[in-house]
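# Structural characterization, general
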Amino acid sequence: MVDLREDASSLHFVTELCRGGELTDLILDRVEESERLRADQWTPPSCFSEKDASTVLRQVLSALNFLHSHDIVHRDVKPENILFLYPEKTRGPDGQDIGLTVRLSDLGVARYHHVSSFEPRMSTVVGTCTFIAPEVLRRRYDQRCDHWSLGRILR
């Protein structure tokens, strides 16, 4: 978040402009390229190298760690909510590739939840079905549901 403005009826969040699109789009683009190469009798590379995947994963884990340290649970971690700040292969002023810089977005179903013996586990079923943790479906979960969802993305 860059800024927050409030008027009589609304809160206006000013956030960074993420010009690189969603993780979903990048995955689909890379799969399409792999299929084209395979059709041309080339052996395509994997969708993401281990290095690229670890770069993205480290940033999302860092974002989740920040949220969880402030007792916020995202509850809808999915590829559509992982945005790239810059287009692929963008170079920074120092010549480094910054095209894999990501931001975790859409806290629409996020909520405060302090992990303690006094606060019961969350019980509302929210999230996206293909990335939802089993504990969410059992209506007894905590912040670890975000880690499950990230693991589903990595799979």
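For the structure, see preceding data.
About the thresholds
Residues numbered from 1 in each chain as written. Predicted model: local features only at pLDDT ≥ 70, side-chain atom pairs only at ≥ 80, totals over all residues. Heavy atoms only, no water. Core = buried A, V, L, I, M, F, W, Y, C linked by side-chain atoms within 4.5 Å. Buried < 20%, exposed > 50% of the residue type's maximum accessible area, 1.4 Å probe, protein only. Helix = DSSP H or I, 4+ residues; strand = E, 2+ residues; numbered from the N terminus. Contact = heavy atoms within 4.5 Å. Pairing = 2+ DSSP bridges.

## Thoughts on the nonpolar core
Core analysis: the biggest nonpolar cluster contains 17 residues, and Val 56, Val 60, Leu 64, Ile 82, Phe 84 and Ile 153 have the highest contact counts within it. Looking at this core, the elements with two or more residues in it are α1 (23-39), α2 (50-69), β5 (82-84), β6 (102-104) and α4 (144-154). Leaving out residues up to four positions away in the same chain, Ile 153 has contacts with Leu 23, Val 77, Lys 78, Pro 79, Ile 82 and Phe 131. Within the second largest apolar cluster, 8 residues are counted, among which are Val 73, Val 126, Ala 133 and Val 136.

## Things to note about the pairing of strand β1 (residues 3-6)
Two strands pair when backbone bridges link them, and β1 and strand β2 (residues 11-14) are joined in this way by 4 bridges, in the antiparallel orientation. Along β2, the bridge assignment pairs Asp 3 with Val 14. The turn linking β1 back onto β2 is made up of 4 residues.

## Re unusual backbone geometry
For Asp 106, which is not a glycine, the phi torsion comes out positive at approximately 60°. As for its placement among the helices and strands, Asp 106 is situated in the loop between β6 and β7 (111-112). You will see that Arg 139, though not glycine, has its phi angle at about 60°, which is positive. Position of Arg 139 relative to the elements: it lies in the loop between α3 (134-137) and α4. The exposed category is assigned to Arg 139, whose relative accessible area is 52%.

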